[in-house]
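# Close look at the chain arrangement
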Amino acid sequence: MDRSLAFYRDLLGLEEVERHRLEGETISEMAGKPDVVMQVVRLQAPETPGVLLDLQQYITPQGEKSDAQLGDVAHSHFCFGVPDLFGTYTSLKAKGVEFVSEPVNFDLEWGIVHVVFFKDPDGFVLELMEYPIKRKASTNQP
């Protein structure tokens, strides 16, 4: 949990909004595992209240490290929208964040999207996306 908080809260700037310990029959039933004791810290991005990220640490039973990679079955990721992808990439890379590649651009029909994938301290893949640059509508004026 400390490693994840240092990354998500301290490095990426998410705000801690709640912290609690869950244990007992209800959490064990929800998790589908016996005798669950879980520490949860809930975070949110400062500019997106209501979109929450829960960091969950299973005290018991302890989980196993997964080697699932982006694109593997049952692996997902989430994306952070940023106003300056290259600046954010450069800043995080200088702080030791591991990136899958350098930023890439996708020229879509409705605009240009800048994206890059990176990893959290546990190897979970995340995405940064710069808000799309909208194409100007073509005008058919004589």
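Each chain carries its own residue numbering, running from 1 in the direction its sequence is written. Predicted model: local features are reported for residues with pLDDT of at least 70 only, side-chain atom pairs are reported and counted for 80 or more only, and whole-chain, interface and lining totals are derived from all residues. Side-chain calculation: all heavy atoms of the structure are included, whereas hydrogens and water are not.

### Overview of the packing of aromatic side chains
Threshold: When the centres of two rings from Phe, Tyr and Trp lie within 6.5 Å, Trp using its six-membered ring, the rings pair. Their planes under 30 degrees apart give stacked, over 60 give edge-to-face, and anything left gives tilted. Numbered from the N terminus, helices here are DSSP runs of H or I no shorter than four residues, and strands are runs of E no shorter than two. Using a 1.4 Å probe on the protein chains alone, a residue whose accessible area is under 20% of its type maximum counts as buried, one over 50% counts as exposed, and one in between counts as partly exposed. Two conditions define a charge sitting above a ring: the NZ of Lys or the CZ of Arg must be within 6 Å of the ring centre, and it must be within 35 degrees of the ring normal.
For the structure on display, the rule yields seven aromatic pairs. Measuring from centroid to centroid gives 6.0 Å for Phe-78 and Phe-124, while their planes differ by 35 degrees, and the two rings are tilted. Taken together, the residues Phe-78 in the loop between β3 (52-60) and β4 (79-82) and Phe-124 in the loop between β6 (111-119) and β7 (125-134) connect sequence positions 46 residues apart. Since its relative accessible area comes to 28%, Phe-124 is described here as partly exposed. The interplanar angle of 70 degrees and the centroid separation of 4.6 Å between the aromatic rings of Tyr-89 and Phe-99 together place this pair among those described as edge-to-face. Highlighted residues: Tyr-89 in helix α3 (residues 85-94) and Phe-99 in the loop between α3 and β5 (104-108), separated in sequence by ten residues. Aromatic rings pair up to connect Phe-7, Tyr-8, Phe-86, Tyr-89, Phe-99 and Phe-118 into one cluster. Over the face of the ring belonging to Tyr-58 we find Lys-33, whose NZ or CZ atom lies 4.9 Å from the ring centre.

### Observations regarding the nonpolar core
Convention followed: Nonpolar cores are built from buried Ala, Val, Leu, Ile, Met, Phe, Trp, Tyr and Cys residues. Side-chain atoms within 4.5 Å join them into one set. Any two residues whose heavy atoms approach within 4.5 Å are treated as being in contact.
Ranked by internal contacts, the top residues of the largest apolar core, which has 21 residues, are Tyr-8, Leu-14, Leu-43, Leu-55, Phe-99, Phe-118 and Leu-128. Residue assignment for this core shows that the elements contributing at least two residues are α1 (2-11), β2 (37-44), β3, β4, α3, β6 and β7. If we skip the residues at most four places from it in the chain, Phe-99 touches Tyr-89, Leu-92, Lys-93, Val-116, Phe-117, Phe-118 and Leu-128.

### Thoughts on the pattern of salt bridges
Heads up, the condition is: Here, a salt bridge means any Lys or Arg side-chain nitrogen found within 4 Å of an Asp or Glu carboxyl oxygen.
Under the definition given, this model contains eight salt bridges. For Asp-10, the salt bridge is made with Arg-9, and the minimal N-O distance between the two is 2.8 Å. Residue classification places Arg-9 among the partly exposed residues on the basis of a relative accessible area of 28%. The network of salt bridges with common partners includes Arg-9, Asp-10, Glu-16 and Arg-19.

### Description of the confidence of the model for the protein chain
For clarity, the cut-off: The predictor's confidence in any single residue is recorded as pLDDT, a number from 0 to 100.
When pLDDT is averaged along the protein chain, the result is 86, and 92% of the positions lie at 70 or above. The spread of mean pLDDT over the elements of the protein chain runs between β7, the lowest at 82, and α3, the highest at 96. The low-confidence segment residues 138-142, where pLDDT is below 50, has zero contacts with residues more than four positions distant or belonging to other chains.

### Concerning α1
Let me state the cut-off plainly: This arc is built from the directions going out from the helix axis to the C-beta atoms.
Listed as buried for α1 are Ser-4, Leu-5, Phe-7 and Tyr-8. In a view along the axis of α1, the buried residues occupy a sector of 165 degrees, so they form one face of it. Facing away from the buried side of α1 by more than 90 degrees, the exposed set consists of Asp-2, Arg-3 and Asp-10.

### Quick notes on the pairing of β6
The condition that has to hold: Only strands joined by at least two bridges in the DSSP assignment are considered to pair.
By the criterion of burial, β6 is predominantly enclosed, with seven of the nine residues buried. Pairing geometry for β5 and β6, over five bridges, is antiparallel. The residue of β6 that forms the bridge with Asn-105 is His-114.

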